Amino acid sequence: MPDSMKASMILDKSYQIAPVDERIYGSFIEHLGRAVYGGIYEPDHPKADEQGFRKDVIDLVKQLQVPIVRYPGGNMVSAYNWEDGVGPKEDRPRRLELAWRTVETNQVGTNEFADWAKKVDADVMMAVNLGTRGIDAARNLIEYTNHPGGTYWSDLRRSHGYDQPHNIKTWCLGNEMDGPWQVGQKTAYEYGRIAKEAGKVMKLVDPTIELVACGSSNTDMPTFPEYEAITLDLAYEEVDFISLHQYYGNRTNDPANYLAKNMDMDHFIKTVISTCDYIKAKHRSKKTINLSFDEWNVWYHSNEADKEIDPWSVAPPQLEDVYNLEDALLVGSMLITFLQHADRVKMACMAQLVNVIAPIMTENNSHSWKQTIYYPYMHTSIFGRGISLKPILSSPKYDSKDFTDVPYVDSAAVYNEEKEDVTIFIVNKHLEESIDLSIDLRSFEGYSFSEHIVLEHDDLKAVNTSSVESVKPHSNGVSEFQDGYLNTRLSRTSWNVIRLKKA
């Protein structure tokens, strides 16, 4: 190999962060744009099943192995009446959907979504409306979904054709309640009180559930992280998770700065962990609050187009970002960041799953396709299950507009002891040069090199479309494994998956 930049890593099976909770590979479906109507559900599509769900989309979701999907919002949940979406479809009302200013037909609701989730082998993370509704609607909904029968709401579910309960075990207590854009915005004190009381009554109905309290909508909110602190101070014993939301964009076309933005995510996570642990200490509690990063992604490409959409239409093409290679690289680095915090980040939901800032795109009455970000999401979901290891990494660094000492190499590793394999996820952020990385793997005695998957393209702005898949992975990565050391060349601006198995 000719000379290039150098980096090194020690990876030892004893340097463990925590077991990976598979729910960090979750996603999100909101009644927004074409996520539901024209996305997962299109009854007139040639590949629609008997319930109207697109089988081509189901196949693409199953390839991702998504373990949990958050539903039904998102901003729309704060003015959503769940009762509108159950019972005979011909009796369901059409409503003004205020969050995104569209018309909601309610042809898909709680039961249909639970059915769809089973088809894609995913659990449901259900959100309750704490904007226009509150404690009473929350207790009624969980009785409807989770109680076996013999009561008003559970028997109503049975009359709708669902004899067995859905047993939804993960619940979000509202959404982004600090946001002025939210219907029913609440101060931290107002929200903490209603989260506590709603959570209390929901756990009286079903003590086996886990509850996610809203944190700040993003790190730029003026009350961050005070909102988290006050909310948890009020509701600490009732809730199990605090939520984090963050989106990134490259509006100034500064790739070096853009690719460093996972450092902002890392700082966000550490700040929220500190806040949770402060309240734990204040309460002298033995309970640890974990993190649910239940909205994250790149989101900026579609902003201008969304301003042109006429209000009060049904399922318009909203938030349909078309992603390029640099977006995929940042998504890979964000997934690496979750793995680096596997001890506290126990759930995460890429927002969203289909059409709306999504890895999967569809055309109405036509075919579906994979965006660039599909691939790092798929690779980590499939191969990133096991124990997250702590790589000891030495990488050259750079400074950008907003960040200093940015490592050119991002990396995480997952060791699956049962399957006897180890997978290393790596991003090379250098815009011009490849990097030669030497990895000390001597603790993995008896292991051999399996494959080196690479996602790369000469053009950082290259995208996939409905007709051409320009950015897709190949398995021709340059790696050599000998005497416990793996030497690999990381192409410039590339996503890499290196796998080893026991011989």
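Further up the page is the structure itself.
Residues numbered from 1 in each chain as written. Predicted model: local features only at pLDDT ≥ 70, side-chain atom pairs only at ≥ 80, totals over all residues. Heavy atoms only, no water.

**Side note on the sheet that holds strand 11 (residues 290–298)**
Worth spelling out the cut-off: Any two strands with at least two DSSP bridges between them are considered paired. For the purposes of this entry, the term helix denotes a DSSP run of H or I that reaches at least four residues, the term strand denotes a run of E that reaches at least two, and both are numbered from the N terminus. Orientation is described by lines fitted to C-alpha atoms, with helices fitted over the stretch in contact, and by angles between N-to-C directions that extend from 0 to 180 degrees. In what follows, a contact means two residues having at least one pair of non-hydrogen atoms within 4.5 Å.
Reading around the circumference, 3-4-7-8-9-10-11-12 is the order of the eight strands in this closed barrel, with parallel pairing throughout. Pairs of neighbouring strands in the sheet enclose a mean axial angle of 30 degrees, with direction left out of account. As paired strands, strand 11 and strand 12 (residues 345–351) are joined by four bridges and run parallel to one another. Looking across to strand 12, one finds that Phe 293 is bridged to Ala 348. The strands touched by helix 3 (residues 135–146) within the sheet are strand 7 (123–128) and strand 8 (170–173), with strand 8 carrying the most contacts at an inclination of about 165 degrees.

**Here's the deal with the side chain of His 341**
Structurally, His 341 can be placed in the loop between helix 10 (325–340) and strand 12. Setting aside residues no more than four positions away along its own chain, His 341 makes contact with Asp 266, Ile 269, Lys 270 and Ile 273.

**Re the packing of aromatic side chains**
For the record, the criterion: Ring pairs are drawn from Phe, Tyr and Trp, using the six-membered ring of Trp, whenever the two centres fall within 6.5 Å, and their geometry is named by plane angle: stacked under 30 degrees, edge-to-face over 60, tilted for the rest. Buried means the residue's accessible area, taken with a 1.4 Å probe over protein chains only, is under 20% of the maximum for its type, while exposed means over 50%, and partly exposed covers the values in between.
The tally for this structure, following the rule as stated, stands at 19 aromatic pairs. A ring pair is formed by Phe 268 and Phe 293, whose centres lie 5.6 Å apart and whose planes are at 80 degrees; its orientation type is edge-to-face. Of this pair, Phe 268 sits in helix 8 (residues 262–283) while Phe 293 sits in strand 11, and the two are 25 residues apart along the sequence. The two residues Phe 268 and Phe 293 agree in class, both being buried. Between Phe 425 and Trp 495 the ring centres are 5.9 Å apart and the planes differ by 20 degrees, which places this aromatic pair in the stacked class. Of the two residues, Phe 425 is situated in strand 20 (residues 421–428) and Trp 495 in strand 25 (residues 494–502); the sequence distance between them amounts to 70 residues. As far as burial versus exposure is concerned, Phe 425 and Trp 495 are alike and both buried. Among the aromatic residues, ring-to-ring pairing joins Phe 224, Phe 268, Phe 293, Trp 296 and Phe 338 into one connected group.

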